[in-house]
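Listed here are the chains, written in short residue letters.
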Amino acid sequence: VGPRMAGVGRGRVGGHGTPDAALLSGGTMPASPYATYCTEAYDGISWSEVNNLITSRYAHATAGTQNDALSWAGTTAGEYNGTTWASAGAMNVNRGYLNGVGSSTNAALAVGGHANAAPSTKKQTEEYDGIAWTVRPDKNHCAYAAGGGGTSTAAISFGGKDSAPVGNCTEEWNGVNWSETTPII
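Description of the structure in this document. (Residues numbered from 1 in each chain as written. Predicted model: local features only at pLDDT ≥ 70, side-chain atom pairs only at ≥ 80, totals over all residues. Heavy atoms only, no water.)

## Section: the nonpolar core
Ala61, Ala63, Leu70, Trp72, Ala77, Ala88, Met91, Leu98, Ala108, Ala110, Tyr128 and Trp133 form the largest nonpolar core, which has 12 residues in total. Counting residues per element, the ones that place at least two in this core are strand 5 (61–65), strand 6 (68–73) and strand 10 (107–114). Aside from chain neighbours lying at most four places away, what touches Leu98 is Ala59, Ala61, Trp72, Ala73, Met91, Ala110, Val111, Gly112 and Gly113. Residues Leu23, Tyr37, Tyr80 and Trp85 belong to the second largest nonpolar core, which totals 8 residues. (Core = buried A, V, L, I, M, F, W, Y, C linked by side-chain atoms within 4.5 Å. Buried < 20%, exposed > 50% of the residue type's maximum accessible area, 1.4 Å probe, protein only. Helix = DSSP H or I, 4+ residues; strand = E, 2+ residues; numbered from the N terminus. Contact = heavy atoms within 4.5 Å.)

Below is the structure:
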C-alpha cells in the first residue's frame, strides 16, 4: 500500500465531482512505492486531505460526485460517501486503464480496459447499480486508456489504444447497446 502523500503531484489519478466540489483519488507518484491510496477533496479554493481509498490504485475508473463517488480497477471497487470509503461489489472482468462514466455510486459504467491475460485489450462493458456489477453488451472495438463521459444511460467513449482504427473510433452508449459514430479527426 502506498504512503499517504497529500500535496504530492501524481498521475493516473481518479477524478470525481465539479469545479467547486471535486475529489481526487489514488494515482502514481514519481518514486517508489508509486501507487497511492491518498484521497483529497477540493472546495473550489483549496485541497484538503480526506480518508484514504481502501486499497492503493492507479489507472482506475471513477464516477460520481465528491460526496457520492465510485472508484474501481481490477475486480475491486470502492464507494465514497463524503466521509469514508467502503468496499463495493466485485467486478466480473479484471482490468485496469478502463473508462468510467456515471453520476453516482448506483449508476456507473465500466468500459473497455486492459488486462495482463490475453486478449489484453478489452471491450467489455459492466454496469453498477449500487450493489452489483452486471455484464452489458460489449463495445464494438477494444480500447484502453480511452476518454469518455456521460451517464450509465447515455455515454460516449472515444480514442484509446488498440481501437480500430487505432485511437480514432467513437462509440455512443444508449443505455442498451454501443453504436459507432463519427471517428475522431
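Here the narrative resumes.
## Structural notes on the pattern of salt bridges
Summed over the entire model, instances satisfying the criterion amount to 2 salt bridges. Among the ionic pairs, Glu126 bridges to Arg95, the shortest N-O distance being 2.8 Å. Pair noted here: Glu126 is in strand 11 (residues 121–128) and Arg95 is in the loop between strand 8 (85–87) and strand 9 (99–104), with a separation of 31 residues, a long-range link. For the pair shown, Glu126 and Arg95 are each scored as buried. (Salt bridge = Lys/Arg side-chain N within 4 Å of Asp/Glu carboxyl O.)

## Observations regarding the environment of Gln66
Summarising the element assignment, Gln66 is placed in the loop between strand 5 and strand 6. Residue class for Gln66 comes out buried when judged on its relative accessible area of 16%. The spacing of Gln66 and Ser104 is 38 residues in sequence and 9.6 Å in space, taken between C-alpha atoms. Side-chain polar atoms of Gln66 contact the backbone oxygen of Tyr42, separated by 3.1 Å. (Polar contact = N/O pair within 3.5 Å; in protein donor to acceptor, adjacent residues only side chain to side chain.)

## A look at the packing of aromatic side chains
Counted according to the given criterion, the structure contains 6 aromatic pairs. Arranged with centres 5.0 Å apart and planes meeting at 40 degrees, the rings of Tyr80 and Trp85 form a pair that is tilted. Taking the relative accessible area as the measure of exposure, Trp85 reaches 9% and is therefore buried. Each ring, one from Tyr128 and one from Trp133, has its centre 4.8 Å from the other, and the planes form 35 degrees; the classification is tilted. Assessed through its relative accessible area of 2%, Tyr128 is described here as buried. Members of the aromatic cluster, connected to one another through ring pairs, are Trp72, Tyr128 and Trp133. (Phe/Tyr/Trp six-rings, centres within 6.5 Å; stacked < 30°, edge-to-face > 60°.)

## As for the sheet that holds strand 6
Here 4 strands make up an open sheet; going across it, the order is 5-6-7-8 and the pairing antiparallel. Edge strands, defined here as strands with exactly one partner in the open sheet, are strand 5 and strand 8. Each adjacent strand pair in this sheet contributes to an overall mean axis angle of 20 degrees, direction not counted. The pairing of strand 7 (residues 76–80) with strand 8 spans 3 bridges and is antiparallel. Note that in strand 8 the partner of Tyr80 across the bridge is Trp85. (Pairing = 2+ DSSP bridges. Axes fitted to C-alpha atoms, helices over the stretch in contact; angles between N-to-C directions.)

In short, geometric facts, not functional conclusions.
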